[in-house]
Structure formats: C-alpha cells, structure tokens
Number of protein chains: 2
Amino acid sequence: MKFGGTSVADLDRIRNVAARVKRAVDAGNQVAVVVSAMAGATNQLVAWCQSLSPLHDAREYDTVVSTGEQVTTGLLAIALMDLGVEARSWQGWQIPIRTDDAHGKARILQIDGDELIHRMDKGHVPVVAGFQGMAPNRRITTLGRGGSDTSAVALAAALKAERCDIYTDVDGVYTTDPRIVPQARKLAKIAYEEMLELASVGAKVLQTRSVELAMNERVRVRVLSSFKDAEPNDDEGTLVVDEDEIVEKENVAGIAYSRDESKITVRHVPDRPGIAATIFGVLADQNVNVDMIVQNVSADGSTDMTFTVGKADLPRARQALQHIKSAINYAELLEDPNVAKISVVGVGMRSHAGVANTMFRALADKAINIQVISTSEIKVSVLIAAEYTELAVRALHTAYGLDAA
Amino acid sequence: MKFGGTSVADLDRIRNVAARVKRAVDAGNQVAVVVSAMAGATNQLVAWCQSLSPLHDAREYDTVVSTGEQVTTGLLAIALMDLGVEARSWQGWQIPIRTDDAHGKARILQIDGDELIHRMDKGHVPVVAGFQGMAPNRRITTLGRGGSDTSAVALAAALKAERCDIYTDVDGVYTTDPRIVPQARKLAKIAYEEMLELASVGAKVLQTRSVELAMNERVRVRVLSSFKDAEPNDDEGTLVVDEDEIVEKENVAGIAYSRDESKITVRHVPDRPGIAATIFGVLADQNVNVDMIVQNVSADGSTDMTFTVGKADLPRARQALQHIKSAINYAELLEDPNVAKISVVGVGMRSHAGVANTMFRALADKAINIQVISTSEIKVSVLIAAEYTELAVRALHTAYGLDAA
C-alpha cells in the first residue's frame, strides 16, 4: 500500500491511513506500506536549498529533502502501534534500497526484501520511506519528484507482492481528464503500455518510471483513492496490468493532453544528409528532450524542420540552435509556446485500422488545424493550437465512444 | 565548532554560520562542525509524535525528531559550498556515531574519526548532525534534549581536536544569571568540576553530560556567542578546562539557583536502622531522583526526614511514600513546592575554610531562613523559600566579591 503526500498531509490523515492499513491486516493480508512526505513538506525543503544556493550540491539536496519521507514513516509507525498493529519505519539506507549515484534522480538498482519478508511473516508491517535510497558510497539519494510510486513498485517486486495498491487523491485512471470531460469514465483495467503513454503525455496519476518498472517486473498495480472511507472492493480503482489480462480491448483506452511543450521550426535548412543529426545532436548535448519531429517535403533544395521540446527546455534549445546557425546555414528560427499535444492511446489500435483517421476527421469537423502528427504502435498524437485543447479532447472522447452513458 | 538551534534558526543565520566557519578555515584551522536542528523544528516534531500517541515508541520518536538535525547539516553544507568551502553533511549512521539502544536518551559508545580526519587533512569541512547516533541494530537514536553539546564534545575527542567551540545564544559562563544580577561577570575560565555543578544546578549553558564527557576526555571547551559578528579573540567566551589551567582560583566561581525542586518531609519516622534505606529504596524504584537530604536529630525515638525531588517527580514520590506509610509507620507527609536551591560553587573551596560560613552570614543578614543544607567538596547548597531567590543570589554575589567593578 502506497500513500502519497495528500494522503498523509496531516495527523488526522495519517491516523486514517493507519486505520486503513489495520483493516487490510485484519482482513488477513501481509502488508508493507510506502509513504511520501506530508504534502508541502518537500516543497519547503526544496525552497530552502534553492534559496541558499541556486546551484546547490545534489547530494546535500537529497540529504535535506529525504527527511520529509523519514518523518512520515515514523509518524505512521507510531499511529499503527497506537492501533495495536506491530509496525516499524524503514529508511532507504536501512533496508537498503540500493540506487545509483545520480543524486536527485537516482535509479533503484536492487532491494533486498528478505528481512522485510521475514518480519511480515511474523505479522509486522514495515513502513518504508518512499522517494529515497542509498548510493554505493552510502550517501542518501532521491528518485526525483513522484519517485515514491517507483519505490512502491520496486518494493512490491522485491517482496513478490500480489499487488501494489497506490492510494492517491484520484480514484483511478479515467478515459480522459474529468475536469474537461464530465462524461469521462473510470477504467477498470488498463494495460502497462497504455498507462505508460498516458502518464508520459500528461495524465498525472503515476510517475512514468514506476509504470515502466511495473511492466518490466510484472507488478500488478492498482490506483485508488485514499479519501474514500469504505474498504475498496475488487472493482475499486483502476488495475494496471498486462495486456493479456484485459479481455475487452477498446481501440482507444483514453485521451491525454499536454500543454507543456513548445514548437520550434528551423526554416530553410539545406536538404542534405547529416543536417538532422547536427540539429538534434546539439540539442541532445544540452540535455534537451525532443518529442515530436516532422520534416517537410523538400523544395528548392531546402526544407523546414519542426519539432517540440518541453517548455522549460525552450531557452536552452534556442541558445543551442543559435550557436549552429552559421554552421548549418538555416534562414530563421520560429518558436511557438502556445501549442498542445493531444494523444489517443490504446493497445487495441494494433489490430484496428482507421483509428488515426477517426481522430483527423473529428478534429476537422471542429475546424481544428493539425500542426504536427506523430504515431507509435499504440498512440496517435497531434499538435494543435493550445486554445483548442478542451474542444479537441471533448470531440475525441465522443468520437471514440468513450462518453459514459 | 558547534552551533545550537537559535544559531541556525533560519537561512540568514545559516549563512552567517557558514561565513564564520569559512573565516576559521581561512585562518588556517581544520574545522569540523556539529549542528542542532533549526530552532522550533524539534518541538514541532516532538509535538506530532505526542499528538499521535502519548505513549509513542521511542525508536520511532528518534526516527522522526532526528530529521531536524539532518536538514541543518544539508543546508549548512550547501551554504558552505556556496562560499567555496569544501563541505559535506554526515549523519550519525554514516560516520557512524555508535550509541547504546536507550532510545530518546542514548549514550555515545564510540566514534570512529579516521575517515573525517582523513578528509579534514585535505581541507574538507565535515558538517555533522548533532543529537543523533546509531544503535547496534542500525536504528537511529537520539541523545536527549541538548544532546548536540555532547555530540560536539565526543566528536572533538574522536578527532583529537585542540578545542571544542560551542556557539550559543549567550557569550559565556557568568558568575550568576545576569538577569538577576546585572553586575554578574563573564568568567574567562572555569574548571570542569565547577561547570558540572553549575550546569546541574540550573545554569543552562551546557548539557551536563557534555561537561562530564569533556572532563573525562580532557576536551577543552569554549562557550561563546554566535551573535557577535566579529571574530572571537582568545579572551572571547568562557573556556571550560582542567583545574590546573586556572592560575587564579577564586574561592567561589559562581552562584547558581534552581526552582525546579520540591521539598518533602516525612514526619515522625521511627528512628531505627533500615528506615532510610526503605524510603529512598522505593523512590529509586520509581525512578525518582532525590537531591538534598537531611535527617533531624532524633527525639522521643522518632525523627523527621526531609529531602528534595524534581518538581515533575513529586506526584510519583508522593504515591510511592503513601504506599509504605503503614510499613514504616510515619505520622504524616509534608510537601512544599515553593522552594529554591541556591548553590555557591568553586574549586578554590577545597583549600579555603569559611566559604560556607560566608554564605550563612550573608543570608542571615537578609533574614532569609535556611531550610536544608548540603555540601560537596566544591559546592555549598541551601534550600530557601522560593520568594527569596533573587534577593539571596544578589546578596551572595556581593558577599563573595563577584560583582563587576
């Protein structure tokens, strides 16, 4: 059972979490718990580090911010013991949760679950600090924002858990954002691959890396709300599972959107081999993540190269491209931050033609211009003007028959 | 260099501490730093634990409250690096600072200083979390309130430091509380034994255990203020050292007072062997610390037994004594919480007679009645009515010639 920051935001909620864990134990389950920092705590700690030095050392940053989770583990263990449940807190270094030394965005390398399994066999509940681990040199690491989901999935794999329940402030994964489409439906099941596409295109339910890990380790993940008082039954939340477990595959499982990208067009690039490699090479050197790419048909020996980058990366991308202006001799650089990426996602697409066409027709019917298209095996994404985001999402939700009855 | 909670209370003060450490490094010193939690942080964490469960597990309490120091180590390391000083944070478990498993009031067993010495030789500044350590089973321990002083002295001993500078919110040890006696003088030097008596009778400058440790390990401790901007010169603060280092020994180094005791009188105790053992035995069984004891001269085969206990222990003491009323057959139990203990302390007393008499005469001149007297080799303490506390301290300060010119 993993509880995020809003689920442990204050002492009352921590008591609620303890009661929920106790009910799961009383129902005969062996339970390990992973917790985040109390909502707001991490932001405060991050702000202190940044205020002292914008270029603060990542190892010290990890030392400071990892205390948020440590506090929650101790408090929840106290609340559990107060209810008569045998519990104890575990920090990343105590288990240990071994990570690499990429401080601030470390990757879990290995968790030795034997000691915890041994204690759980005796009825104890380990309360494990999410988000943190220990580098090879025994310094504290953190996994990056949202990393507690990854901690939970990795621990579930190490403990060979039947399931990893992620309690959060939403009650499952929806066909799209219910704030935009009131008719959005909660999905009972979703395939790892679909969840991965939805997570990465903007449905902020699970951290992308946690879904990758769940897919690789075949951990069954359930997303559900910590704000419902009743015990979850089997229909509760959304189960993220292997595609094979999903009997009725929809062509499209969900519609996602992201306003976090900016479009860049490099105009009149000479149309010769190696140019794309040069452009995307300098961007990669600057750690700029490029998402959608489209190259126009060449005319008069030159072409336009259009692509999207994260909004935060735009200044670095611009600088890198200006540096190579004379080298590759392009005409000009156009930027447009007012774009949105709309994606339709579904493993059913693999066996059904016409999914992309339905999208294009639905958008055309609303007179929404498509600027860039990119596709993968289970996803079609388009870039449109940001102002049409809601209109497009609603039109697509209806077009794919996702609206609740 | 050890900095307490008020010295690292916010980011500005942490920056000031960093600047002070840098000046010490620039002056050619090898420096290790010990820090407390930011003022208020520990209280918040303690309140959370108590609110969740008044009888919370001490191991989880330690897990929660030790985060306060962890945060400060990371922030100070960041501030130091921002000034170009090579620094890194060290938690108790990383060094490790090995303690016993008496959670909440653990004792330091051993610190391996080799790794830190090695790094300090290369110019690095270790920033060590005070107050915390690691139990044999690798769980986090804390040393009790004020434990960071003990951490600093223990680390100074492990590093074979020339001196342990304790930066605090006062600028040294005074002949008495300057809030009561404006003419109180700062002592340039004080002997370990004197400091120990002053600390334990109410001068809250250093934690008692830290002074014991300094005495045993012969660590030279300097108490000085972190709120003065100028660099401390050699006269700054108060040096706590071996008696032999003090050339001009005063008869009396200082006057201390404590209002934290209550007087108990057991009336008409049968005057026979074993009675005292019975009374103080049951009190010890209840963990009640007895301080001053006086037994009146016996008359009519019975005697009165008077002693003092900490105010917080009074209910437990009363209960224990009521339990044995029939067994030892005393007449009645009298309690008086409105008492104060006044102590004059000085190693010079060993070789000078008349010190106690000066005290008695000075108090008599002010018509202050002495209720109980107790003496040690370097201390005379009297119990008086609490309302005379200030009057008595002032009179004694003058009588022993301690007033500043």
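What you see is a predicted model; the values in this text were computed from it and never measured. (Residues numbered from 1 in each chain as written. Chains lettered and ligands numbered in written order. Predicted model: local features only at pLDDT ≥ 70, side-chain atom pairs only at ≥ 80, totals over all residues.)

Engineer: Any chance you could break down unusual backbone geometry for me, citing the residues and the numbers?
Structural biologist: Residue and element names in this part refer to chain A. With an omega dihedral of -15 degrees, the bond running from isoleucine 95 to proline 96 counts as a cis peptide bond. Relative to the assigned elements, proline 96 resides in the loop between β3 (87–90) and β4 (97–99). The phi dihedral of lysine 160 is positive, around 55 degrees, even though this residue is not glycine. Mapped onto the fold, lysine 160 is located in the loop between α6 (147–158) and β9 (164–168). For lysine 160, a count of 10 C-beta atoms within 10 Å puts it in the exposed group. (Helix = DSSP H or I, 4+ residues; strand = E, 2+ residues; numbered from the N terminus. Buried ≥ 20, exposed ≤ 12 C-beta atoms within 10 Å, placed from the backbone.)

Engineer: Report on the interface of chain B and chain A, specifying residues and quantitative values.
Structural biologist: Chain B puts 28 residues into the contact, and the matching count from chain A is 28 residues. Secondary structure elements with two or more residues in the side of chain B that touches chain A: α1 (11–26), α2 (41–52), α3 (58–65) and α4 (67–82) of chain B. Residue contributions to the side of chain B that touches chain A peak at 11 residues, all from α4(B). Among the residues forming the side of chain B that touches chain A, the class breakdown is 14 nonpolar, 10 polar and four charged. (Contact = placed C-beta atoms within 7 Å. Nonpolar A, V, L, I, M, F, W, Y, C, P; charged D, E, K, R; others polar.)

Engineer: Give me the lowdown on the environment of Val211(B), citing residues and values where you can.
Structural biologist: Residues and elements named next belong to chain B. Here valine 211 is to be found in helix α8 (residues 208–217). For the pair valine 211 and aspartate 165, spaced 46 residues apart in sequence, the C-alpha to C-alpha distance is 13 Å. In contact with valine 211, other than residues within four places in its own chain, are Tyr192, Met195, Leu196, Ala199, Leu206 and Val240.

Engineer: For the sheet that holds strand β3 (residues 87–90) of chain B, give the residues involved together with the corresponding values.
Structural biologist: Residues and elements named next belong to chain B. Read from one edge of the open sheet, eight strands run β3-β6-β2-β1-β9-β11-β12-β10, paired in mixed fashion. If you trace the sheet from one side to the other, it starts and ends with β3 and β10 (189–191), each paired once. Summarising the sheet, strand β11 (residues 221–225) and strand β12 (residues 238–241) pair through three bridges and their orientation is antiparallel. Its bridge partner lying in β12, arginine 222 is registered against leucine 239. (Pairing = 2+ DSSP bridges.)

Engineer: Now, about the environment of Asp149(A): what can you tell me, with residues and values included?
Structural biologist: Residues and elements named next belong to chain A. Relative to the elements of secondary structure, aspartate 149 occurs in helix α6. A tally of 30 C-beta atoms within 10 Å means that aspartate 149 is categorised as buried. Between the C-alpha atom of aspartate 149 and that of phenylalanine 131, which follows or precedes it by 18 residues, the distance is 7.9 Å. Excluding anything up to four places from it in sequence, aspartate 149 contacts Lys2, Ile166, Leu206, Gln207 and Ser210.

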